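# Structure at a glance
Chain by chain, the residues run as shown.
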Amino acid sequence: MKVLLIYPDINTIQFPHFQHGLAWLAAALKRGGHEVELLYLERELSDREFAAELVRRDPGLVAFSSTTQQYVFAKRYAAVAKSALDRFVVIGGIHATIDPEGVMADPCFDALVRGEGEYPLVELADALSGGGDCSKILNLWLRGPGGGVIRNPVRPPVDLSGLPWPDREVWDNELLMRHNDRQVSVMASRGCPFRCTYCCNTVLADLHGGNAQWVRQRPVPEVIAELEDLHRRFPDMKSLIFMDEIFTVHKRWVREFCDEYQQRFSTPFQIFLRVETVDRELLARMKEAGLYSVIVGVESGNETIRRELLNRKMSNDQIIRVFKWADELGLETWDFNMIGVPGDTEDTIRETMALNRLIRPHHVQVSIFYPFPGTPLHQQCLDEGLTKVDESTSVFHSRPVLDLPGLPREKTLALHREFMALAHEIEAEKTAKGYADLAALLSAAQVHEEGPGYVGRWRVRIHGEDRMCILMHPNSSAAYHLHIRPRTMLRFGMAFSPDVWDKPGGGATFEVRVKTRLRKERVIFSEFIDPKRRPRDRGWLDRELDLAPFRGKTVELTLATIAPPGQNQHCAAFWSRPYLWSEFDLHRSTPNQERGK
Ligand code: B12
Ligand code: SF4
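Residues numbered from 1 in each chain as written. Chains lettered and ligands numbered in written order. Predicted model: local features only at pLDDT ≥ 70, side-chain atom pairs only at ≥ 80, totals over all residues.

### Focus: the overall build of the chain
The condition is simple: Helix and strand assignments follow DSSP, with helices taken as H or I runs no shorter than four residues and strands as E runs no shorter than two, numbered in order from the N terminus. C-alpha atoms define the radius of gyration in this analysis, and the globule rule sets the expected value at 2.2 Å times the number of residues to the power 0.38. Put plainly, a residue is buried at 20 or more neighbouring C-beta atoms within 10 Å of its own, exposed at 12 or fewer, and partly exposed in between, counting only other residues' C-beta atoms, which are placed from the backbone. C-beta atoms are placed from the backbone for every residue, and two residues are taken to be in contact when these atoms lie within 7 Å.
For the chain, the helix and strand inventory stands at 19 helices and 26 strands. Relative to the globule expectation of 25 Å for 597 residues, the C-alpha radius of gyration of the chain, 26 Å, shows essentially globular dimensions. In terms of its C-alpha atoms, the chain occupies a principal-axis envelope of roughly 90 × 55 × 55 Å. Expressed as a percentage of its 597 residues, the buried residues of the chain come to 42%. Here the contacts in the chain between residues at least 6 apart in sequence split such that 77% fall between residues at least 24 apart.

Encoded structure:
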């Protein structure tokens, strides 16, 4: 039977990504003899477009996968699917798992799968194609003959060694590579042994018989064999990311993995970790094996909120220590923060900001808390009357949904903006390159702005690559007084925000000018970029200028953007990571700089 997997990923801040759940489902279905296609909805389709796509693909079974914030789209397109094709429509994934009653109340779904879906989905496809009975499939909820809901129990967690590797064929791999900086995603385990009150893992663990059964680590040789296959498939991969919730759960496993990995591969890899699960020695061992970046949940800087409310028992000291070790070892660091949790006040949010100032990650992510149904913290929010209605939204991470005593929603939003500005500042300083990072030094530059807010520091993501930039709407400029060392290069990238690529208007000229004490200003670089008309200009356009003629001198160096008169002033032109670099800075380069990050 042909199964169409549908994954809405609309209006998120994410770029198209590889999703392991879908990939494992596709692999299991193919092994079961079924045909599989994936419809990755990265933009909103009109109902008519969606129906046409469905009719063209003509599946026997329509299978949605959805997170909570994407459920509005899943529900809408499921209704369209029902009327366009009238095939069996099933939904799985985290939202159906944590809010099954809510999902079954929507008549557009014939059934849902709670928890892990490989075996239930294959059994459902088998039953539907062979005319068998699907009413007793474990994990499946479906409509019974009298209109009631049949709620089958959940089977134990699957044995990961019994599954085929996640399928890579149903994906547009070139698109994924392009959008994710040629980073390939892999998973060596499922589940997490911790029980944070806001996290769906806690619900999943309970559903599958408790944390002990829920956490499963794939054997090292199996993971290595899959990595060998991935290196063969994607010879131009730049890095790997292990999407495991916590990569460092079992220290002994990590050491065995590092031994094997280091012998075979040189691809840098990135992981998620929890601070209690590592010590300096383990971090150093992973770094030696190829680790270049760690992603760490900090969530709150207030220890009481973190311990009592979020059930995260680590201390601030532990967090500070791990970031210090990472810095000493030359690892890139990311952290996740959450503001607007019950109990948060302006003061506690400022404590979270202060902790970030201390640990100074290379990338700081700040979300506004959203209570996911089924989690203990969601229940607490309901009990305390902090949230009223279902405020599900696809942009929840930047919109508060709680009414907290002493912290009105507008205040949470204002603090979020302030935290984001701090994040940019920390990142600019931390990722400083060479001996003069012009983005970090912007506040010391003499800025000419054509209008208010025309020049500023921004982090921008294009084709999956984040960069710290100077936004410079034309006609504006920033002039720096700098000493030019021997053998100095000016490195920078030019770009336009993807938001304007398809808007009317033209391009702009990026210009670099230099003035010395004795000579008047001259233009040493000028290039016109127009992503609206030239597809090749859609991306980071990196350049390097040799500043040898100015060695030993103090100069005024100006970056400017210029648009044709009266045109195109809001074209969102960016200078990405402009910095001066001399050969003597070589010893400062880190693996991330080598990767061009
Ligand atoms: C890796 C990951 C990501 C990746 C990949 C995205 C993804 N959706 O998986 C990235 C980094 C892109 C990401 C981004 C985000 N994520 Co995330 N992410 C995860 C994480 C840690 C693991 C997911 C995973 O791969 N699990 C392993 C696979 C094998 O399991 P699975 O995906 O659940 O799939 C299985 C079953 O669910 C089922 N199944 C799934 N689909 C279907 C469909 C059918 C028809 C059937 C039968 C079965 C079925 O079968 C699969 C195989 O067993 C989960 C945590 C978790 N435990 O789920 C959070 C999680 C999914 N993320 C979450 C969030 C909030 C986000 C962001 C919104 C964060 C943000 N602020 O930007 C974005 C949203 C992006 C998006 N469109 O989903 C929440 C979602 C909560 C919710 N209720 O919706 C989770 C649950 C974490 C949490 N806070 O509790 N995430
Ligand atoms: S450590 Fe991370 S994955 Fe584990 S329960 Fe807490 S938030 Fe969820």
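### Describing the site of ligand 2
For clarity, the threshold we go by: Proximity of a residue to a molecule or strand is defined by its backbone-placed C-beta atom lying within 6 Å of that partner. Charged residues are taken to be Asp, Glu, Lys and Arg, nonpolar residues to be Ala, Val, Leu, Ile, Met, Phe, Trp, Tyr, Cys and Pro, and polar residues to be all remaining types, Gly included.
C192, F194, R195, C196, C199, N201, T202, E245, I246, R274 and G297 make up every residue found near ligand 2. Along the lines of polarity and charge, the residues of the shell around ligand 2 split into five nonpolar, three polar and three charged.

### Remarks on the site of ligand 1
We apply this condition: Domain delimitation follows an automatic or database domain assignment.
Not every one of the 40 residues close to ligand 1 is listed here, only the nearest: G21, S65, T67, G92 and G117. No fewer than three residues from each of domain 1 (2–151) and domain 2 (181–430) sit in the shell around ligand 1.

### Here we look at the domain arrangement of the chain
Here the chain is partitioned into domain 1 (2–151), domain 2 (181–430) and domain 3 (436–595). The C-alpha centroid of domain 3 is placed 47 Å from the C-alpha centroid of domain 1.

### Regarding the environment of E288
Looking at the secondary structure, you find E288 in helix α12 (residues 280–289). Since 11 C-beta atoms lie within 10 Å of it, E288 is described here as exposed. Measuring from C-alpha to C-alpha, the distance between E288 and W458 comes to 33 Å, with 170 residues separating the pair along the chain.

### Focus on the sheet that holds strand β6 (residues 140–143)
Going by this rule: Any two strands with at least two DSSP-identified bridges between them are counted as paired. A fitted line through C-alpha atoms represents every axis, and for helices the fit uses only the stretch in contact; the resulting angles, taken between N-to-C directions, go from 0 to 180 degrees.
Taken in spatial order, the seven strands of this open sheet run β2-β1-β3-β4-β5-β6-β7, and their pairing is mixed. Two strands in the sheet have a free side with no partner beyond their single neighbour: β2 (35–41) and β7 (149–151). For this sheet the average axis-to-axis angle between neighbouring strands, irrespective of direction, equals 20 degrees. Each of β1 (2–8), β2, β3 (61–65) and β4 (88–92) touches helix α3 (residues 71–85); the most contacted strand, β4, lies at about 165 degrees to it.

### Side note on the pairing of strand β25 (residues 554–562)
Strand direction decides the pairing type here: strand β20 (residues 476–483) and β25, joined by eight bridges, are antiparallel. By the bridge assignment, S476 is partnered in β25 with T561. With seven bridges joining them, strand β22 (residues 508–515) and β25 adopt antiparallel strand pairing. Bridge pairing in β25 places V512 opposite L559.

### As for the nonpolar core
Rules: Nonpolar cores are built from buried Ala, Val, Leu, Ile, Met, Phe, Trp, Tyr and Cys residues. These are joined into a set through C-beta atoms within 7 Å.
In this structure, F242, I319, V322, I339 and F369 are the most contacted members of the largest nonpolar core, which totals 72 residues. Sequence-distant contacts of I319, defined by excluding residues within four places in its chain, comprise V275, V298, M314, L355 and I359. In this structure, L4, A78, F88 and V90 belong to the second largest nonpolar core, which totals 52 residues.

### Some details on the sheet that holds strand β23 (residues 522–529)
Within the open sheet, the five strands sit side by side as β17-β20-β25-β22-β23. Their pairing is antiparallel. Of all strands in the sheet, those bounded by a partner on one side alone are β17 (446–448) and β23. Neighbour-to-neighbour, the strand axes of the sheet open up by a mean angle of 15 degrees, direction not taken into account. Strand direction decides the pairing type here: β22 and β23, joined by seven bridges, are antiparallel. From the neighbouring strand, T509 faces β23, where its bridge partner is F528.

### Here we look at the packing of helix α1 (residues 20–31) against helix α6 (residues 118–130)
Definition in use: Each angle is binned into one of four classes, with values under 35 degrees roughly parallel, values over 145 roughly antiparallel, values of 65 to 115 roughly perpendicular, and all other values oblique. Should the near helix be turned counterclockwise from the far one by less than a right angle, the crossing is left-handed, whereas a clockwise turn marks it as right-handed.
Where α1 meets α6, the closest approach of the two axes is 9 Å, and the angle between their N-to-C directions is 45 degrees. Relative to α6, α1 is oriented oblique. The two elements α1 and α6 meet at a crossing, and its hand is right-handed. Counted together, W24, L25, A28 and L29 of α1 and E118, L121, V122 and A125 of α6 form the full contact between these two elements.

### Looking at the environment of R357
Summarising the element assignment, R357 is placed in helix α15 (residues 346–359). Residue class for R357 comes out exposed when judged on the 11 C-beta atoms lying within 10 Å of it. Counting along the chain gives 282 residues from R357 to K75, while the straight-line C-alpha distance between them is 42 Å.

### Comments concerning unusual backbone geometry
In the segment running from P474 into N475, the intervening peptide bond is cis, with an omega of -5 degrees. For N475, the position within the fold is in the loop between β19 (465–472) and β20. Backbone geometry at R182 places phi at a positive 55 degrees, although glycine is not the residue there. Mapped onto the elements of the fold, R182 is located in the loop between α7 (173–179) and β8 (183–186). We classify R182 as partly exposed; it has 17 C-beta atoms within 10 Å. Positioned with a positive phi, R360 is a non-glycine residue whose angle comes to about 45 degrees. Along the polypeptide, R360 turns up in the loop between α15 and β15 (363–368). Looking at R360, the number of C-beta atoms within 10 Å reads 17, which means it is partly exposed.

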